[in-house]
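Chain residues, written in single-letter form:
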Amino acid sequence: MNGGGIMKGLMLVMAFALLSGCVTPPRADPPPSPAAALLNGFPSTIRLNAGDPEISGAVAQLMARASASADGSFDILSLSGGGARGAFGAGSLVGLARAGKRPQYEIVTGVSAGALIAPFAFLGARWDPQLTAAFTDAQSTTLMSPRGLGALFSPGIFSGKPLRARVDQYVTMELVDAVARESRRGRILLVQTTDLDAQAAVLWNMGEIAEVGGEAARALFRDVLLASSSVPGVFPPVMFNVETNGQQSQEMHVDGGVVSSFVLTPLIALLWRDEPDPQIVPGNLFIILNGPLAAKLKATPRNTVPIISRSFETSQMHQARASLAIVTEFARRRDLKFQFTFIPSDFDASGSLDLGQEELTSLFNDAVTKAATGEIWWSVDELIGSNGLAPWIDVEQAIIPEKKSGKSRGAMEVKEMAE
């Protein structure tokens, strides 16, 4: 669907929004203690709740387990949200593999669009054909299906059925079994959702889910990915039936990007630990940001929907900047080399809701090319020197020509803006 179609769908719903105040789909109450809630047939260890006081110890154990599985280098990959811009992350991974510069990651984490990429990144280059198809084929353009007046009677401006079918298509038993095998080796795959009732991040250990096996594991694996990528108000939330001390209840989960652009919960938990840090071998921390860190000057139409969309993208950009400070400190304390990449402002041809196949394919192919040349990763020092992480917005600097080194314009923008 093009931007005009999306806007018409949004405006149709908003025009009738005042009529929907008394229409509330029924649901069960949330659990009295989210951290203690269990999903039938699955161990409690399949997920970590940010509100659980034991989360720091659990995260430390995961980090130590993953580092013990290292194949000579301890590598962590974190994939951010970004909607349609997830094509950038997918293309970056494919390009790195083609250049022979993509390691086996001991830990892979994903949020929103990054959650949909994460299983393929975790399993390696053999799954790149599926990753490529997921973000570039014609079916990628059919996810935005306006529900019209139906949005008045159940949540979500767009139908959740196309997105559910899309995720279900790629979450096969073969994929789940492959994730389970890697999990048994000690590698970790984490996906973040947002528990809207508790207003907290939830980290799902997808490997432990996969290890349970069978259709139940596949269905939960799919639903967690779906929840992590369900932008609130745009797609319907995902409801999880849980049990606490024999009491049945229900949780509402939405896009993990509501809490943070990429997985930060374990990093924060370990930064706040009073106990000694676990023994973790030195290694590398990579973050792929499926969005820009610097904005192009752009006139925003004086209409409600464009203002909301531009505001959301602005919030995500600034949230990512602030998050980098936490990651930098985490990496410093644990002797991890921290590198990241993002979509430069002049390299960003698509908005987060632009799902046109031409735009998706263009962004994907550009990322493949950049990654294959080796000009993709940046360190914090390269970007900002010693002046901190913000501010770095300057309209005049945003149009300076590219660096002579050939790296994308966006990183130089940030460094010059900081100075």
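Figured I'd write up the structure that's included with this text. (Residues numbered from 1 in each chain as written. Predicted model: local features only at pLDDT ≥ 70, side-chain atom pairs only at ≥ 80, totals over all residues. Heavy atoms only, no water.)

This part covers the packing of helix 4 (residues 113-123) against helix 5 (residues 128-136). Helix 5 packs onto helix 4 with a crossing angle of 160° between their chain directions and a minimal axis gap of 9 Å. In terms of orientation, helix 4 and helix 5 fall into the roughly antiparallel class. For the pair helix 4 and helix 5, the sense of crossing is right-handed. Residue-level inspection shows Ala113, Leu116, Ile117 and Phe120 of helix 4 in contact with helix 5, the latter providing Gln130, Leu131 and Phe135. Here the contact of helix 4 with helix 5 is built from residues that sort into six nonpolar, one polar and no charged. (Axes fitted to C-alpha atoms, helices over the stretch in contact; angles between N-to-C directions. Helix = DSSP H or I, 4+ residues; strand = E, 2+ residues; numbered from the N terminus. Parallel < 35°, antiparallel > 145°, perpendicular 65-115°, else oblique. Left-handed = near helix turned anticlockwise from the far one by under 90°. Contact = heavy atoms within 4.5 Å. Nonpolar A, V, L, I, M, F, W, Y, C, P; charged D, E, K, R; others polar.)

Grouped together as the largest cluster of nonpolar side chains are 65 residues, with contacts concentrated most on Trp204 and Phe221. Apart from residues no more than four positions distant in its own chain, phenylalanine 221 is found in contact with Pro119, Val171, Leu175, Val176, Val179, Leu189, Met206, Ile209 and Ala210. Core analysis: the next-biggest nonpolar cluster, separate from the first, contains 31 residues, Leu48, Met63, Leu203 and Leu267 among them. (Core = buried A, V, L, I, M, F, W, Y, C linked by side-chain atoms within 4.5 Å. Buried < 20%, exposed > 50% of the residue type's maximum accessible area, 1.4 Å probe, protein only.)

Right, let's get into the packing of aromatic side chains. The final tally for this structure, using the stated rule, is six aromatic pairs. Residues tryptophan 204 and phenylalanine 240 carry aromatic rings whose centres are separated by 5.1 Å and whose planes lie at 35° to one another, so their mutual orientation is tilted. With tryptophan 204 in strand 5 (residues 200-205) and phenylalanine 240 in strand 6 (residues 238-244), this pair connects stretches of sequence that are 36 residues apart. Take tryptophan 204 and phenylalanine 240: they sit in the same class, and that class is buried. Ring pairing ties together the aromatic residues Tyr105, Phe286 and Trp377, which thus form one cluster. Here the basic side chain of arginine 187 rests over the ring of phenylalanine 122, its NZ or CZ set 4.2 Å away from the ring centre. (Phe/Tyr/Trp six-rings, centres within 6.5 Å; stacked < 30°, edge-to-face > 60°. Lys NZ or Arg CZ within 6 Å of the ring centre and 35° of its normal.)

The next thing to look at is helix 4. With ten of its eleven residues buried, helix 4 lies for the most part within the structure. Listed in full, the buried residues belonging to helix 4 are Ala113, Gly114, Ala115, Ile117, Ala118, Pro119, Phe120, Ala121, Phe122 and Leu123.

For strand 5, the buried fraction is high: six of the six residues fall into the buried class. Burial of the side chains of strand 5 extends over both faces: Ala200, Val202 and Trp204 are buried on one face and Ala201, Leu203 and Asn205 on the other. Of the pairings in the sheet, the one linking strand 1 (residues 47-49) to strand 5 comprises three bridges and is antiparallel in character. Within strand 5, the position partnered with arginine 47 by the bridge is tryptophan 204. Alignment of strand 4 (residues 188-195) against strand 5, held across six bridges, turns out to be antiparallel. (Pairing = 2+ DSSP bridges.)

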